[in-house]
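# Per-entry structural report
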Amino acid sequence: RDPATDSSADQDEELLVPINSESDLNHARMVARETCKLVGLRGYQAQKVVTAVSELCRNIARYVGSGQVRFRVDTNNECIIIIALDQGPGISNLEEIFAGEYRSTTGLGRGLIGSRDLADHFDIETGPSGTTIELGFRYGRRKPWTTSTT
């Protein structure tokens with residue numbers, strides 16, 4: 001990419017990882033680890049990022065079949081931004097899931113709750129045209145974000 005001719009070069013770079021099956025989870029986890037290394041997150045803090053990415057990717061592969069995860073480092077706010085998106089039917093029982101009342105037949109139904117609890121920022125939008133989940137993980141010393149589930 002040529003910064004002189006590409007106007008997006010001024011923006012934070014974003015890496016996209018397609019998720020089409022559970023075999024894509026390893027690639028997404030590797031990208032999560034490398035992103036953590038890039039900003040100096042180590043140990044437990046890095047493991048939180050990798051675990052959350054793994055849970056979201058597993059949900060995409062298991063329940064939708066395909067989607068993508070985007071990784072971006074926001075240097076202004078000193079955080080890693082991860083956006084998982086799919087074009088599935090949406091999550092109809094979101095309130096039940098976040099109330100801890102849902103038990104999946106293929107697992108514990110804890111992927112979304114676990115990801116939310118691991119992240120400094122969590123936002124989810126879901127509907128008949130798909131689901132978008134944004135996670136934020138701080139690597140600096142700024143004040144933590146809040147969590148919303150709309």
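Notes on the structure in this doc start here. (Residues numbered from 1 in each chain as written. Predicted model: local features only at pLDDT ≥ 70, side-chain atom pairs only at ≥ 80, totals over all residues. Heavy atoms only, no water.)

Even without being glycine, Glu 78 reaches a positive phi, approximately 50 degrees. Structurally, Glu 78 is set in the loop between strand 2 (67-74) and strand 3 (79-86). (Helix = DSSP H or I, 4+ residues; strand = E, 2+ residues; numbered from the N terminus.)

The next point concerns the environment of Thr 35. Within the secondary structure, Thr 35 is located in helix 1 (residues 25-39). With 37 residues separating them along the chain, Thr 35 and Arg 72 place their C-alpha atoms 8.3 Å apart. In contact with Thr 35, other than residues within four places in its own chain, are Phe 71, Val 73 and Ile 80. (Contact = heavy atoms within 4.5 Å.)

Scanning the model with the defined rule gives five salt bridges in all. Of the charged contacts in the structure, one is a salt bridge between Lys 37 and Glu 34, with a shortest N-O distance of 3.5 Å. With a gap of three residues between them, Lys 37 and Glu 34 both fall in helix 1, about one helical turn apart. Given the relative accessible area of 41%, Glu 34 is considered partly exposed. What you see here is one network of salt bridges that share partners, running through Glu 14, Arg 70 and Arg 72. (Salt bridge = Lys/Arg side-chain N within 4 Å of Asp/Glu carboxyl O. Buried < 20%, exposed > 50% of the residue type's maximum accessible area, 1.4 Å probe, protein only.)

Take the nonpolar core next. Ile 82, Leu 135 and Phe 137 are the most contacted members of the largest nonpolar core, which has 36 residues in total. Per-element tally for this core: the top contributor is helix 2 (residues 43-64), with nine residues. (Core = buried A, V, L, I, M, F, W, Y, C linked by side-chain atoms within 4.5 Å.)

A separate point is the sheet that holds strand 3. Pairing is antiparallel in the open sheet, where five strands are placed in the order 1-2-3-5-4. Edge positions in the open sheet fall to strand 1 (14-19) and strand 4 (121-127), since each of these has one partner strand only. Each neighbouring strand pair of the sheet contributes to a mean axis angle of 15 degrees, computed without reference to strand direction. Inspection of the sheet shows strand 2 paired to strand 3 by eight bridges, in the antiparallel sense. Within the sheet, the bridge partner assigned to Gln 68 lies in strand 3 and is Leu 85. Those strands touched by helix 1 are strand 1, strand 2 and strand 3, and its axis lies near 5 degrees from that of strand 2. Each of strand 1, strand 2, strand 3 and strand 5 (130-138) is contacted by helix 2, which is oriented at about 5 degrees to strand 3, the strand it contacts most. (Pairing = 2+ DSSP bridges. Axes fitted to C-alpha atoms, helices over the stretch in contact; angles between N-to-C directions.)

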